[in-house]
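Geometric and topological summary
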Amino acid sequence: MEETLYGTTPQRVLIDWPWWEPDPESTNSWDGTVGFPRDPHAYGWHNTPWRLEPDASELQAGDPCFVGIPPTKVRVTSIERFDLPADFGFLPRPDYVLGVVPIDAIEDQEAGYALYLNSQEPIHIEVLTNTD
């Protein structure tokens, strides 16, 4: 999906996140943006499925960019259900979250990310029984 770059810092680019909206009744504050590392080799890329085109290091505030998730094999490491949808500062409030780690980073104890199952983010999940 094409989005507009909201802003930059020396280490990060900030993208207006179209799939969530700030929750006006939240006790947590969220400004409607998601940050990504400017350095294409930064460790932070192990903690998000999202990729930007052009590369984040080439983007300036106001530039259009493509935001998407390339096909990625992951292992589910946790499944969490919230009895009341979680208050993280955005809507829709998540009720189920999958913790996942890309197969190629499975040995890295700090790699991985959360997928919010009731989100409007364009995430397609297929269940594979064999990771070979």
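None of these values were measured; they are calculated from a predicted model.

Another aspect to go through is the pattern of salt bridges. For the structure shown, the criterion picks out three salt bridges. When the shortest N-O distance is used, the salt bridge between Asp 83 and Arg 81 registers 2.7 Å. With respect to class, Asp 83 is no different from Arg 81; both count as exposed. A salt bridge links Asp 87 to Arg 93, with the shortest nitrogen-to-oxygen separation between them at 3.8 Å. Taking relative accessible area as the criterion, Asp 87 reaches 21% and is therefore assigned partly exposed. Given the relative accessible area of 26%, Arg 93 is considered partly exposed. One network of salt bridges, with partners in common, ties together Asp 23, Asp 87 and Arg 93.

A separate point is the pairing of strand β9 (residues 96-102). Buried residues dominate β9, accounting for six of its seven residues. Where strand β7 (residues 74-81) meets β9, seven bridges bridge the pair, whose relative direction is antiparallel. Looking at β9, one finds that Arg 75 is bridged to Val 101. Bridge count for β9 against strand β10 (residues 113-116) is four bridges, and the pairing is antiparallel. Bridge pairing in β10 places Gly 99 opposite Ala 114.

Conventions we followed
Residues numbered from 1 in each chain as written. Predicted model: local features only at pLDDT ≥ 70, side-chain atom pairs only at ≥ 80, totals over all residues. Heavy atoms only, no water. Salt bridge = Lys/Arg side-chain N within 4 Å of Asp/Glu carboxyl O. Buried < 20%, exposed > 50% of the residue type's maximum accessible area, 1.4 Å probe, protein only. Helix = DSSP H or I, 4+ residues; strand = E, 2+ residues; numbered from the N terminus. Pairing = 2+ DSSP bridges.

Distances and angles like these do not, on their own, reveal function.
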